Amino acid sequence: MKSKTRALAVLAVLALVLAACGDGDEGTVDPDDLELVAPGTLTICTDVPFPPMEFEDSESELGYDGFDIELSVAIAEELGLTPTIATPGFEAITGGLAFENDDCDVAAASITITEEREEAIDFSDPYFNSEQSLLVKADSGITTWEDLGSVAVQTGTTPEIYAQENWEGVEIVSFEDAAGPYLALDAGEVDGVLFDLVSQQDVANNDDTLVIVETYDTGEEYGLATQDTPNLLAAINESLAGLREDGTYDEILNNWFPET
Amino acid sequence: MYVIALVVVVLAVLIGDWDRIAFNFFNLEVMADMFPEVLTIAARNTLVYTLLSFAIGLVVALALALMKLSSIGPYRAFAIGYIELFRGLPALITLILIGFGIPIAFDFNMPGGRVGAGVLGLSIVAGAYMAETIRAGIEAVPRGQSEAARSLGMSSNRTMFTIVLPQAFRIIIPPLTNEMVLLIKDTSLFFVLGTTPLTKELTKFARDFMVEIRNATPLTVAALVYLAITLPLTWLVRRLEKRAAISR
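Residues numbered from 1 in each chain as written. Chains lettered and ligands numbered in written order. Predicted model: local features only at pLDDT ≥ 70, side-chain atom pairs only at ≥ 80, totals over all residues.

A. Main features of the overall build of chain B. When you go through chain B residue by residue, the secondary structure sums to 11 helices and 0 strands. If you list the helices and strands of chain B from N to C, you get α-α-α-α-α-α-α-α-α-α-α. Buried positions account for 34% of the 248 residues belonging to chain B. Put simply, 73% of the contacts in chain B that link residues at least 6 apart link residues at least 24 apart. (Helix = DSSP H or I, 4+ residues; strand = E, 2+ residues; numbered from the N terminus. Buried ≥ 20, exposed ≤ 12 C-beta atoms within 10 Å, placed from the backbone. Contact = placed C-beta atoms within 7 Å.)

Printed below as a string of structure tokens:
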């Protein structure tokens, strides 16, 4: 009973706020139906640092920059919403806790679409093809995963699952953050690092002593994520398609991946 | 005061959504899934890491305490520098510096690999904290004890090790237990150095389990296991203290 009255009160306030700013929206979708965490605002969850997809940038207006950020900001603009960024942690996002806590409307964190994750969160249409790659020291003589004694991965990521399923006999060492695997490689604790090619290319470009020796096309795709907000998801898919059509998507892609 | 406490508890009970809490934090199916690994791997690793770090840390601490009380200036300076440095740094940073910094800088890999590096890192931190405890303990032993020992013709080393230190340790058992309890929880920082399925300790084990099944119950189980380790430990020490008090 109590929660009902509270919900009603919230609804009433929401209606007032929305009515007050109702004239300004240009999006094709009615913002009343989007079930946003904060009215008029698209709260985008991401997990940094994962350059060039998402990283902190104090000079940027939102405090973050990268492919995912630019794309989701473009979507927010399509929907006539003000974008804002939140970082509740990758596991909270993929596990759905961040959505349950009302920390975000949508997550743009280079999340590979998996059946497992789909049980907790709802994915948009795929917006990015992701391969995985094996990075080793240039002087190690390693040319394929079969030469590896041990490999470093990040906990809970697709590369970890891939290595567990496909690389029998290789010791898999898991790290919480994305820097750990590279530190361990540098420290000689592991022979290689298995990671998404997008970020590993960035590493290899900046360090001559490291090379990418193999890539693995696992048919993986990144998706934006929502939870139990079908109208928002439909609106996001619609604007994604729109951005692809009008060339904005390619523009953003070229901005961050000049060679592809 | 009691009224306020009662109101808070009643409100918490009324407002909390107990079905969801039960499902997310006390899910029996999930709990069953965690056994026996939560004990045979996770709790075991936590205990092993703690005991090793505590043992090595204690030796380090004893050496530091004696150095700090030494009449030789450079010893004192070293002990003070060491203690201030490692007491002032977050244990997480020390672990990363030891675990990655040493191998990168000197091309030297710790025996025991990542676990070895983690144990060494925690020992270094624990040593800094316990050194101050031991020093205080030594200073708390009445001066008359060492004066009497010296006047019986004991050397100063023998006085320290057979007369002063045994009494000092009796005094500092409670603070040392405290340090051990802190250490048990600090082993949860080992994750920064990387883990394999067999080297996970309780917290990392529970977190990974939580992510895998998207339910927070593993954290509850880990919390209970931590308590199952620390509560008997503190109880044991309370008994030891009582006995020590009687025999004095």
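B. Here's a closer look at the overall build of chain A. Broken down by element type, chain A carries 10 helices and 11 strands. By the burial criterion, 43% of the 260 residues in chain A qualify as buried. Taking as baseline every contact in chain A between residues at least 6 positions apart, the subset at least 24 positions apart corresponds to 67%.

C. Region of the structure containing the interface of chain B and chain A. Of the residues lining the interface, 14 residues belong to chain B; the matching set on chain A comes to 20 residues. Secondary structure elements with two or more residues in the side of chain B that touches chain A: helix 6 (91-106), helix 7 (113-140) and helix 10 (202-213) of chain B. The greatest single-element share of the side of chain B that touches chain A, amounting to 3 residues, is contributed by helix 6 of chain B. Of the residues belonging to the side of chain B that touches chain A, the class tally is 6 nonpolar, 5 polar and 3 charged. (Nonpolar A, V, L, I, M, F, W, Y, C, P; charged D, E, K, R; others polar.)

D. Main features of the nonpolar core. Counting 46 residues, the largest nonpolar core has Ile93, Val106, Ala107, Ala108, Ala225 and Ile236 of chain A as the members making the most contacts within it. Every element with two or more residues in this core is listed here: strand 1 (41-45), helix 2 (67-78), helix 3 (90-94), helix 4 (97-100), strand 5 (106-112), strand 11 (210-226) and helix 9 (230-245) of chain A. With sequence-adjacent residues up to four places away left out, Val106 of chain A is seen in contact with Leu42, Ile44, Ser72, Leu224, Ala225, Thr226, Leu232 and Ile236 of chain A. One finds Ala126, Val164, Ile184 and Phe190 of chain B within the second-largest nonpolar core, a separate group that totals 41 residues. (Core = buried A, V, L, I, M, F, W, Y, C linked by C-beta atoms within 7 Å.)

E. Region of interest: the environment of Asn24 of chain B. Residues and elements named next belong to chain B. When you line up the elements, Asn24 lands in helix 2 (residues 18-25). A C-alpha to C-alpha distance of 8.7 Å links Asn24 and Arg214, two positions 190 residues apart in sequence. Ignoring anything within four residues of it in the chain, the contact list for Asn24 reads Asn215, Ala216 and Thr217.

F. Representation of the packing of helix 2 of chain A against helix 10 (residues 248-256) of chain A. Residue and element names in this part refer to chain A. Packing of helix 2 against helix 10 leaves a shortest axis separation of 9 Å and a crossing angle of 160 degrees. Judged on the interaxial angle alone, helix 10 and helix 2 are roughly antiparallel. As for the relative orientation of helix 2 and helix 10, their crossing is right-handed in sense. Taking contact as the criterion, the partners of Phe67, Glu70, Leu71 and Ala74 in helix 2 are, on helix 10, Thr248, Ile252, Asn255 and Trp256. Here the residues of the contact of helix 2 with helix 10 sort into 5 nonpolar, 2 polar and 1 charged. (Axes fitted to C-alpha atoms, helices over the stretch in contact; angles between N-to-C directions. Parallel < 35°, antiparallel > 145°, perpendicular 65-115°, else oblique. Left-handed = near helix turned anticlockwise from the far one by under 90°.)

G. Seen up close, the environment of Gly194 of chain B. Its place among the elements puts Gly194 of chain B in the loop between helix 9 (156-186) and helix 10. Note on Gly194 of chain B: 30 C-beta atoms within 10 Å, which makes it buried. The sequence separation of Gly194 of chain B and Gly99 of chain B amounts to 95 residues, and the corresponding C-alpha distance is 9.8 Å. Leave out the neighbours within four places in its chain, and Gly194 of chain B touches Ala152, Val173, Ser174, Phe175, Gly180, Ala184 and Glu189 of chain A together with Arg114 of chain B.

H. Structural detail: the pairing of strand 10 (residues 192-196) of chain A. Residue and element names in this part refer to chain A. Extensive coverage of strand 10 is indicated by the burial of 5 of its 5 residues. Relative to strand 10, strand 7 (residues 128-137) runs antiparallel, the two being bridged by 5 bridges. When the bridges of strand 10 are listed, Val136 appears paired with Gly192. One ladder, built from 2 bridges, connects strand 8 (residues 150-154) with strand 10; its direction is parallel. Along strand 10, the bridge assignment pairs Ala152 with Val193. (Pairing = 2+ DSSP bridges.)

I. Fine view of the confidence of the model for chain B. Residue and element names in this part refer to chain B. Here chain B averages 89 in pLDDT, while 99% of its residues score no lower than 70. Across chain B, helix 5 (residues 73-88) holds the top mean pLDDT of 95, while helix 2 sits lowest at 82. Interface confidence for the predicted complex, expressed as ipTM, amounts to 0.71; the pTM equals 0.67. (pLDDT = per-residue confidence, 0-100.)

J. Highlighting the environment of Leu165 of chain B. Residues and elements named next belong to chain B. By the secondary structure assignment, Leu165 is in helix 9. Under the C-beta neighbour-count criterion, Leu165 is labelled partly exposed, with 18 such atoms within 10 Å. With 103 residues separating them in the primary sequence, Leu165 and Leu62 have C-alpha atoms 9.6 Å apart.

K. The arrangement of the pairing of strand 8 of chain A in detail. All names here are of chain A. The element strand 8 is largely enclosed, with a buried count of 4 among its 5 residues. Across 5 bridges, strand 8 lies against strand 9 (residues 171-175) in parallel orientation. Each bridged residue has a counterpart across the sheet, and for Ala152 the counterpart in strand 9 is Val173. Following the chain from strand 8 across helix 6 (residues 158-166) to the adjacent parallel strand 9, one finds a crossover that is right-handed. (Right-handed = clockwise from strand over helix to strand, strands pointing away.)

L. Fine view of the packing of helix 8 (residues 143-151) of chain B against helix 9 of chain B. All names here are of chain B. The contact between helix 8 and helix 9 brings their axes to 10 Å, and the two run at 145 degrees. Crossing angle aside, the handedness with which helix 8 passes helix 9 is right-handed. Contact with helix 8, carried on its side by Gln145, Ser146, Ala149 and Arg150, involves Ser156, Thr159, Ile163, Val164 and Gln167 of helix 9 and no other residues of that element. Per-class residue counts for the contact of helix 8 with helix 9 are 3 nonpolar, 5 polar and 1 charged.

M. How the structure looks around the confidence of the model for chain A. All names here are of chain A. On average, residues of chain A score 85 in pLDDT, and 87% of them are at 70 or above. Per-element mean pLDDT across chain A ranges from 50 in helix 1 (residues 2-20) up to 96 in strand 6 (residues 122-123). Predicted confidence is poor over residues 16-27, with pLDDT under 50, and the contacts of this stretch with residues over four places away or in other chains come to 11 contacts.

N. Representation of unusual backbone geometry within the structure. Residues and elements named next belong to chain A. Cis geometry marks the peptide bond from Val48 to Pro49; its omega dihedral reads -5 degrees. Tracing the backbone shows Pro49 in the loop between strand 1 and strand 2 (55-56). Of note in this structure, Glu35 is not a glycine but carries a positive phi near 55 degrees. Topologically, Glu35 is positioned in the loop between helix 1 and strand 1. At Asp228, a residue that is not glycine, the phi angle is positive and equals roughly 55 degrees. Among the secondary structure elements, Asp228 is positioned in the loop between strand 11 and helix 9.

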